[in-house]
Structures are given as structure tokens and as C-alpha cells.
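Fold and contact review
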Amino acid sequence: MNIPPAYVLTLSGILFALGVIGVLIRRNAIVIFMSIELMLNSANLALIAFARTFAPAQEALRGHVFVFFVIAVAASEVAVGLALIVAIFRSKESIDVDEVSSLRG
Amino acid sequence: MVLLEVVQGGGFFAYAPLIIALPILGLITNIIFGRRLGERFAGIVASGAVALAFVIAILQFLALQAHPEGVTIPIAEWISVGSLSIPWAIKVDTLSTTMMLMVTGVSTLIHIYAIGYMHEDVRFQGDPGRYARFFIFFNLFVAAMMVLVSADNYLMMFVGWEGVGLCSYLLIGFWYEKGEDGIGNAVAGKKAFVTNRIGDFGFLIAMFLIFGAVGSLQFDQVFHWVHEHGLANVGVISVATLFLLLGATGKSAQLPLFVWLPDAMAGPTPVSALIHAATMVTAGIYMIARSAPLFEVAQSTANLVAWVGAVTALFAATIAVGQFDIKRVLAYSTISQLGFMMAAVGIGAYVAGMFHLVAHAFFKALLFLSAGSVIQGVEHGHHHIEHGDGEPFEPQDMRNMGGLRSRMKVTYWVYLIGALALAGLPPLAGFFSKDEILADANMENMGVYILLAAAAFLTAFYMGRQILMVFFGKARSEAAAHATENPPVMTIPLMALAALAIFGGALNLPGVHKLTDWLAHTIEHVHATEFNVLVAGLSVLFALIAIGFSWLLYGRKTMKEGDPDPLRKILGPIFVGMENKWWVDELYDFLIIRPYVAISWFLADVVDWRFWHDWFHDSVLGSAYRNGSRWLAWVFDLRVIDGIGNGLGNITSWGSQRLRVLQTGYVRNYALAVLVGGVLVLSYFIFG
């Protein structure tokens, strides 16, 4: 089975755009978080697609390795981010990000 | 034999520096020991030092017999800057040795006289502590005079010139707390000093001109230059000699700077005799005689010198006729006689001038010292009769004298000899010296001759008047009636000087011309004047007529106490003019001193104080500074400097106010900004 890379990249772009829109328009911190994960994984998808398409045979695993790194970073990010959300919720009784605007000038 | 060899080898020349060193040694001794060891010691040290200097002068004279061309003895390098090189050197030649002999000889006699005179004077004036000081000044004067006459260059001569001026000032004001209003003597000293300063200014300018033209101040080099290039440089030499003449008129009390000499009589009488009659005042004549080569080239200046001398001679003689102070008569007589010498050197009769200088030194020193003797004799008389009433008494006023002939015999005789010598009666010294000047003037310049002959006539008249008023008739005051003769320490020098006044004419007898031959070794163009029987006869005749006149007026009828001067009736207003010195002091006061004081006041009060200090400093500078600071503080600092600081703050504040609205605090806004930024950066990389 050989899927052309343009398809994969298009899917990746759609996923990234969905993630961006999610971050910008949603107010629920959890959903924003999920959108960020979506963007990260769209990037992973793009990396896999490029690795398969362009890399010479002996360097084919380089893009894959990169993806694993990104997954690891995303996991740790989730750990920190969820902790932040929990802390905000504890003080604000809400996870609406528009409620958290005490840095307004 | 040994002595003869030394003389012929010129070995005595080596002692010449001692002639300056000995008086200095004397004065140093007196500074250290003078007050402690008493009057006798101080007087003997001072007189001895000068007497030894006289011996040195005689040694120079002997050495010059074998080497009449003279020598220059270098003592030390003095000033050496670039091409200017002025050594400290002593010039021993016939001219300077003539002066050395005369000055040290007369000084020795006057020093000895002063031992007795000052003994009385310091007691009369009430401060015996000043006895030693007097002799210190006297020795200093002799040392300065020796520097002047032995100088080998103009600058060294100037040092002596200033030195004698200083001593003159110190000694005129010797009793500085005495005199009119308690400052009269000090004022007289100041007047002498300031007037001399005008002459010294002339001397200085002349030196600068000579140095500028020649590049040297040494006599030999200057005169050599004049021989080589004189005729091509008559202009600069004329100007330089004019300034030298100004110097000479100051020092030798000639018109127009003679006014200080009569006032200088405020000094003790030995000072008048030594400094203001015999030696210092002749320095101007000596200087012109020394500069003879310059004046030979600058004939117009020489002519002016002759006229200045002749006019001064007559002018001062007329004033002398109307004076009553015994010393003032002699002072004006000195000015008059200096005029004779000046006229002589002006017409080129340098030998006649020097001859009269020496002869005059003898008889004028004699006259002054005798006058001092008269004054002290009268003071004795005054003390004798005074019983504490303390009435003011003027012992120098001839109207208070009379009849002293019998009370002061020695003084009378020596005074008579001096007066006759001054009047120019043969065979006294004054006859030969004055006659030589008159004979020269008769040949060279008739106008000068007439003036001088008239002055000689008046000279005989006022000396006759003085003798008759002082020594003849009846005593016109109690003091004169009780006057006493002075001790031998005073009268013996008088007799010695009287002998010199009698035989001084032998120096340059007509037909023999010893002094002419002697000075011919130093001064060029000297000429032995033939004895002119007509001139000599005329002057003797005039002198006798003048003395006859004076006898008619003052001798025939005895003057009584309080009688007016018989001449006053005859001459009327002219006598008033003579008595008041033709108002020259008042004229100078009006023409020079008052405008000068007014200008000084104007400069001090208006220009300096009101304009410069009050207006310029206080108003202009002060207020400009104050206004400037005020503007800087209130305007520049507060508005500009603070404005910059505040403005920066305000701009920042205003900008921050505008920018703070960007910080909404909404996370999604920031995320959008990040997205936009990311898109822009990517767009740049992709499309840029």
C-alpha cells in the first residue's frame, strides 16, 4: 500500500488548522489543551510523511526518532499543563481561560 | 728702588678694586660695631676707610705716571646673556683717577669734619644713636661714587649713579622726623629722589639706545664704534646724547630739574658739602666728559648742553642773590657753578669743565663746611642765652647773624677764602678754573660767554653780600652775639680745604696746562686754551665791581635787627622774584604736580574706583554674572535640563498608557499573536 505524501501532508495540515482554530476559539482550558495535542500530532504526521518520502534508505529512521521525541515532550507537557489547570481550577473554580485575565494592562 | 719699579711696572693698578672695597669694609664694620664702640670709633673707622681709599687713589695716580693710557681691571663676569656681555670691571685712566683723587680726598676731609659736626648735631637734634648710621651712609656714598667714576661701562656707571642717588635720599632725610610739619626733611628727600628719577629715566633710555646701536655698553667699544660709524649714525647718537643730557640735568641739578638741590639742604651740612656740592652733583658733568666722543659727534646736543649750562648758571645766580638761608645761597651757587661746568663740557672744553669741577669741589666743600661751622657756632650762642623759653630760632638765617668775624676767626678766614675763590679773584683756584671756561666760551660761543659772565658777576655779588651779612656789621640776634668757634676737628679740615682752594689753580695754570696734558690721555680733542688777558681782566674787574656793590649795599651802613634787605628797595619786584626763586617750584606745582595729582585722582577715583570697580566690576560684571546665573538656574536648568528629564518621563508614561491596552490578559489573544507572528516568520522564509 503506497499512499502519496501529498495526501498525508494535506491531512496533517487539516489537523493543524483544526488545532489552531480550537486553541483560538475555545475557552475551556482542557479543550485548548486537546487542540494543542492535535497540533503536535499533526506535526508528527508530517514528519513521518517526509521521512518516508525524502530520506535516503540509511537515514530513514531519523524522522521517526524525531516523532518519538515529540511524543515524549507532549506527554511531559500534558503532565505540567494539567497540573496548571488543576491549580487554576482550585483558585478560580473555573477552567474558562477568559476568567484568568489578571495580567490585563 | 723697589717702589720705583713697582710704579713703572704699573703694579699699583692691581690695588684699584680696593678703592671700592675699603669704604664698604668701613661701613660693614660700622654696621656691626659702630653703635657699640662709640662715636670716636665709628668716626675713625669711617674716616680711615676713606683715607685709605685716598691712598689707593694716589697709588693709581702714581701708576698712571708710567702708564698714562690706563688699564681696565676685570673683577667679575656680571651679566652675560646672548651677545650681551657686561663685565664688572674697573677703568683706571686719567679721567677716572682725577675724580677718584678729588672724591676720596675731599671726602676724607669732610669725614673728619663730620666727626666733630655730627657729635654736636646728634645732640642738638636729640638722637645720639644716629651717629654711627650717619657714617655708614657716608661710607656707602663714597663706595657708590667710586663705582660710578671707576665704571668701565654705562651699566656699572648706572649702578653707582643710582647708589649715590640712594645715599643722597637717605642723607637728605637723615632727620626724617624733623623739618616743616615734622615731615619737611622726608619730603625734601622724596623730592630729590623723584626728580632724580626723571633724569635716571633719561640715562636708561640713552643706555638702551646706545646698546641698540652698538650692541655693547662698554666705553671702549662704544667709542670705537662712534669713531668707525659715528658720522653715519648722527641721528641715533644725537637722541642718545639728549637722553644722557636729561640724566645729567637730573643728577647735576640743571634746568629744568634743578629744583631738588635747594631742598636737599635739609640734610646735615657735611652731606650738603660732600654730596650736594663737591661730588655727587658733578656726576652728570663727569658722565658727559666720559661720553665726550658721543657729544663730539652730536654737535647739536653739545650745543644744547652749553646753553642749558649757561642759562642755569645765570638763572640760579639770580636766585642766590635773593636768599637769606646761608645754605640755600650756597645751594643756588652750586647749581650756578654746575651750570658753568655744563656749559664748558657743552662747548667742548672738557678740561676746563673738569678743572672747574675739581676746583669747585675744593672751595664749595669749604664754603658748606664753613657754613656748617657758622650754623653750629650760632646754635652754641643760642643755647648759651636760651633759658627754656623755647622761642623758635632759625640758626641758618643770615638775617639772624652779623658780626661773626670777631667771634669765629678761623671760620671767617676760611669762609672768606672760599668766597673769594668762588667769586673768581686771582690767584685763587676759582679764578683759573672759571677763567678757563670763560676764555673757551669767548672763543666758541659768544651768547654762552655773555650769560656766564653775567652769572660770574652775580656770583661775586651774592658772595660779597653773604660775607658782609654773616661776618661784618653788628650781631642781629642774641645767638649771633654769643656764637663760639668750633673745635679743631672741624676747623683743621677747613684749613686744609682752604689751602686747596688757594692752590687748586695750580692744577692747570695757564701756560703749563698740567691737567690738560693729563686728561689728554683719556679725552680726545682736548685743547690748551690760551690765557686771554682781556677775558681774565674783564672777569676780575666785574668781580671787583660786584663786591664793591655788595659793600655799598651791605657793608657801608650797618644792618640792624629787623632791617629789610637794602636790595629790596632798589630792585623792588625783581627782588621778590629772586627771593621766591622765580616761583619755579610753584610753576612746577601748577604745571606738573597739580595736573599729575589731578590725573592720578581721576584715574584712582573716577576710572579705577567709580568706573572700574563700582561700575564695571559691580554693575557690569557682577550683575551680568548674577543675571547669567539666575537665567541658568531659573530658565535653563528648570526649563531645559529639567524639561529634558521630565519630557523623557512623560513620553515614556504616555507611551506606556497607550501600550498597556495591548495586554488584555486573555490567553487566546496572545495565542493569536503567536500565530500571526509564526505565520509572518514562515511567510518571510517561504516568500521573502
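Residues numbered from 1 in each chain as written. Chains lettered and ligands numbered in written order. Predicted model: local features only at pLDDT ≥ 70, side-chain atom pairs only at ≥ 80, totals over all residues.

As a further point, take the overall build of chain A. Secondary structure summary: chain A contains 3 helices and 0 strands in total. Counted from the first residue to the last, chain A has its helices and strands arranged as α-α-α. Its C-alpha atoms give chain A a radius of gyration of 17 Å, more than 25% over the compact-globule value 13 Å for 105 residues. Taken along the three principal axes of its C-alpha coordinates, chain A extends 55 × 30 × 25 Å. Considering chain A as a whole, with its 105 residues, one finds that 13% of them fall into the buried category. The long-range fraction of contacts in chain A, counting pairs at least 24 apart against all pairs at least 6 apart in sequence, stands at 47%. (Helix = DSSP H or I, 4+ residues; strand = E, 2+ residues; numbered from the N terminus. Rg over C-alpha atoms; globule rule 2.2 N^0.38 Å. Buried ≥ 20, exposed ≤ 12 C-beta atoms within 10 Å, placed from the backbone. Contact = placed C-beta atoms within 7 Å.)

Glancing now at the nonpolar core. Within the largest apolar cluster, 227 residues are counted, with the highest numbers of intra-cluster contacts made by A343, F362, A365, L366, L452 and A501 of chain B. Here this core gets 20 residues from one element, more than from any other, and that element is helix α15 (residues 350-385) of chain B. Not counting chain neighbours up to four residues away, the residues in contact with L452 of chain B comprise A310, A313, F340, A343, I437, L438 and A441 of chain B. Counting 6 residues, the second-largest nonpolar core is a separate cluster that includes V20, A29, F33 and V97 of chain A. (Core = buried A, V, L, I, M, F, W, Y, C linked by C-beta atoms within 7 Å.)

Moving on, we come to the packing of helix α18 (residues 429-444) of chain B against helix α23 (residues 533-555) of chain B. Residues and elements named next belong to chain B. Between α18 and α23, whose axes approach to 9 Å, the crossing angle comes to 125°. With respect to α23, the element α18 is oriented oblique. When the axes of α18 and α23 are compared, the crossing they make is right-handed. Facing α18, whose interface residues are K434, D435, L438, A439 and N442, α23 presents V535, A536 and S539. Classifying every residue of the contact of α18 with α23 gives 4 nonpolar, 2 polar and 2 charged. (Axes fitted to C-alpha atoms, helices over the stretch in contact; angles between N-to-C directions. Parallel < 35°, antiparallel > 145°, perpendicular 65-115°, else oblique. Left-handed = near helix turned anticlockwise from the far one by under 90°. Nonpolar A, V, L, I, M, F, W, Y, C, P; charged D, E, K, R; others polar.)

Take the interface of chain B and chain A next. Listed per partner, the contact involves 12 residues of chain B and 11 residues of chain A. In terms of residue count, the dominant contributor to the side of chain B that touches chain A is helix α27 (residues 667-687) of chain B (5 residues). The class makeup of the residues in the side of chain B that touches chain A is 7 nonpolar, 3 polar and 2 charged.

All names here are of chain B. In contact at an axis separation of 9 Å, helix α3 (residues 94-125) and helix α10 (residues 269-278) are set at 165° when each is read in the N-to-C sense. What the angle tells us is that α3 and α10 run roughly antiparallel. Regarding α3 and α10, the two cross each other, and that crossing is left-handed. When α3 is examined against α10, the residues V106, S107, I110, Y113, A114 and Y117 are found in contact with a partner set consisting of T269, P270, A273, L274 and A278. Broken down by class, the residue content of the contact of α3 with α10 amounts to 9 nonpolar, 2 polar and no charged.

In terms of domains, chain B is made up of domain 1 (309-386 + 395-579) and domain 2 (587-674). The straight-line distance from the C-alpha centre of domain 1 of chain B to that of domain 2 of chain B is 79 Å. (Domains from an automatic or database assignment.)

Residue and element names in this part refer to chain B. The end-to-end C-alpha separation of α15 is 51 Å, in line with the 52 Å expected for 36 residues at 1.5 Å each. At H360, α15 shows its largest kink, close to 25°. Here α15 lies mainly inside the structure; 33 of its 36 residues are buried. (Expected span 1.5 Å × (residues − 1). Bend = angle between axes of the 7 residues up to and from the residue.)

This part takes up α3 of chain B. Residues and elements named next belong to chain B. Where α3 bends most, the angle comes to about 35°, and this point is Y117. Of all 32 residues in α3, 26 are buried; the element is thus mostly enclosed. Two residues or fewer past α3, G126 is found with a positive phi of approximately 85°.

It is worth spelling out the pairing of strand β1 (residues 71-81) of chain B at this point. Residues and elements named next belong to chain B. Both β1 and strand β2 (residues 84-92) contribute to a ladder of 9 bridges, which runs antiparallel. From the neighbouring strand, S80 faces β2, where its bridge partner is S85. Where β1 folds back onto β2 in an antiparallel hairpin, the turn is made up of 2 residues, including G82, whose phi is positive at roughly 55°. (Pairing = 2+ DSSP bridges.)

Quick look at the environment of F54 of chain B now. You can see F54 of chain B is positioned in helix α2 (residues 18-66). Expressed as a C-alpha distance, the spacing of F54 of chain B and L101 of chain B, which sit 47 residues apart in the sequence, is 6.3 Å.

Our focus in this paragraph is the confidence of the model for chain B. Averaged over all residues, the pLDDT of chain B is 87; the fraction at 70 or higher stands at 97%. As scored by the predictor, the complex reaches a pTM of 0.77 and an ipTM of 0.84. (pLDDT = per-residue confidence, 0-100.)

Here the focus is unusual backbone geometry. Residue and element names in this part refer to chain B. Following L255, the chain continues into P256 via a peptide bond in cis, with omega recorded as 0°. With respect to the secondary-structure elements, P256 resides in the loop between α8 (234-251) and α9 (260-263). The residue after P426, namely P427, is reached through a cis peptide bond having omega 0°. Of note, the phi angle at D181 is positive, near 55°, even though the residue is not glycine. For D181, the position within the fold is in the loop between α5 (154-172) and α6 (184-214). For D181, a count of 7 C-beta atoms within 10 Å gives the class exposed.

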